[in-house]
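Next come the chains, spelled out residue by residue.
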Amino acid sequence: ATFKTFLEALRQQKEFSVDTETTGLNQIEAKLLGISFSWAEGVGYYVNVRDHSGWLKQLQPILEDEAVAKIGHNLKYDFQILWQHCVELKPLSVDTMVASYLLNPGSRQHNLDGAVFSEFGHEMQPIEALIGPKGKNQITMELVSLEQLAWYSAEDADYTFRLSKRLTAK
């Protein structure tokens, strides 16, 4: 899909999941690479804002629209990353990490991969498949190919959306 086609479709949604992809987990130092979105099972889009900085400005009114519910996994991180780019992500409707904890307080698996496996039996693509195992040879997401990054990020958004429906029902 072209960005214009995607943007028109996104404007029609009343809720969607959102996930930022960055160069690291430290929200103060991390650079924003892209944002993924999903509003239906099996649907995921990745927007490469690293190479198209103007696209974030076009997304800003939707990301800040109070009438459109935002879903995420660890939304605090996404909120902080977007805030650094002068975008206030709102309203934060469902955080699937918080929902996972509330429904399974005795579990230690509240990361997205663990929650998705627990609820759907689906193994998400591990981040190590993209950046390598921990250690001196591990690369950052910045060096991952756009195609691999887009697939990884879109899967996160898709399953976050699916997870929100499942956990909200519970």
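Further up the page is the structure itself.
Description of the structure in this document. (Residues numbered from 1 in each chain as written. Predicted model: local features only at pLDDT ≥ 70, side-chain atom pairs only at ≥ 80, totals over all residues. Heavy atoms only, no water.)

### Some details on the packing of helix α1 (residues 3–11) against helix α2 (residues 53–63)
In the contact formed by α1 and α2, the axes pass within 10 Å of each other and the chain directions differ by 10°. The pairing of α1 with α2 is recorded here as roughly parallel in orientation. Contact residues: Phe3, Phe6, Leu7, Leu10 and Arg11 in α1; Trp55, Gln58, Leu59 and Ile62 in α2. (Axes fitted to C-alpha atoms, helices over the stretch in contact; angles between N-to-C directions. Helix = DSSP H or I, 4+ residues; strand = E, 2+ residues; numbered from the N terminus. Parallel < 35°, antiparallel > 145°, perpendicular 65-115°, else oblique. Contact = heavy atoms within 4.5 Å.)

### Digging into unusual backbone geometry
Of note, the amide linkage connecting lysine 90 to proline 91 takes the cis form, showing an omega dihedral of -10°. Along the chain, the position of proline 91 falls in the loop between α3 (75–83) and β5 (92–95). You will see that asparagine 74, though not glycine, has its phi angle at about 65°, which is positive. Within the element layout of this structure, asparagine 74 appears in the loop between β4 (69–72) and α3. Classification of asparagine 74 as partly exposed rests on a relative accessible area of 28%. Phi is positive for cysteine 86, close to 65°, though the residue is something other than glycine. One can find cysteine 86 in the loop between α3 and β5. Exposure remark for cysteine 86: the relative accessible area of 57% places this residue in the exposed category. (Buried < 20%, exposed > 50% of the residue type's maximum accessible area, 1.4 Å probe, protein only.)

### With respect to a nonpolar patch on the surface
Taken together, the side chains of Val98, Tyr101 and Leu102 define a hydrophobic patch exposed on the protein surface, amounting to about 320 Å² of accessible area. Within the secondary structure layout, leucine 102 lies in helix α4 (residues 96–103). (Patch = residues over 30% accessible without salt bridge, like charges linked within 9 Å, V, L, I, M, F, W, Y side chains within 5 Å. Areas by Shrake-Rupley, 256 points an atom, 1.4 Å probe, with all protein chains shown as cover. Salt bridge = Lys/Arg side-chain N within 4 Å of Asp/Glu carboxyl O.)

### Some words on the pattern of salt bridges
The final tally for this structure, using the stated rule, is 9 salt bridges. With a shortest N-O distance of 2.3 Å, lysine 165 and glutamate 15 are connected by a salt bridge. Taken together, the positions of lysine 165 in helix α7 (residues 146–169) and glutamate 15 in strand β1 (residues 15–22) put the pair 150 residues apart, joining distant regions of the chain. Overall, lysine 165 belongs to the partly exposed group, its relative accessible area being 39%. Three or more residues are tied together by salt bridges with common partners; here these are Glu41, Asp158 and Arg162.

### Points about the nonpolar core
Residues Phe16, Ile35, Phe37, Leu59 and Leu63 are the most contacted members of the largest nonpolar core, which totals 24 residues. The residues touching phenylalanine 37, leaving out its near neighbours within four places in the chain, are Phe6, Leu10, Phe16, Ser17, Val18, Val43, Gly44, Tyr45, Val47, Leu59, Leu63 and Ala157. (Core = buried A, V, L, I, M, F, W, Y, C linked by side-chain atoms within 4.5 Å.)

### Topic: the pairing of β4
Along β4, one buried face is formed by Ala69 and Ile71 and the opposite face, lined by Lys70 and Gly72, is buried too. Examined bridge by bridge, β1 and β4 share 3 bridges and lie parallel to one another. Residue glutamate 15 lies in a different strand from β4, and its bridge partner there is alanine 69. With 3 bridges joining them, β4 and β5 adopt parallel strand pairing. Pairing of lysine 70 across the sheet is with leucine 92, part of β5. Regarding topology, α3 serves as the crossover connection from β4 to the parallel β5, and that connection is right-handed. (Pairing = 2+ DSSP bridges. Right-handed = clockwise from strand over helix to strand, strands pointing away.)

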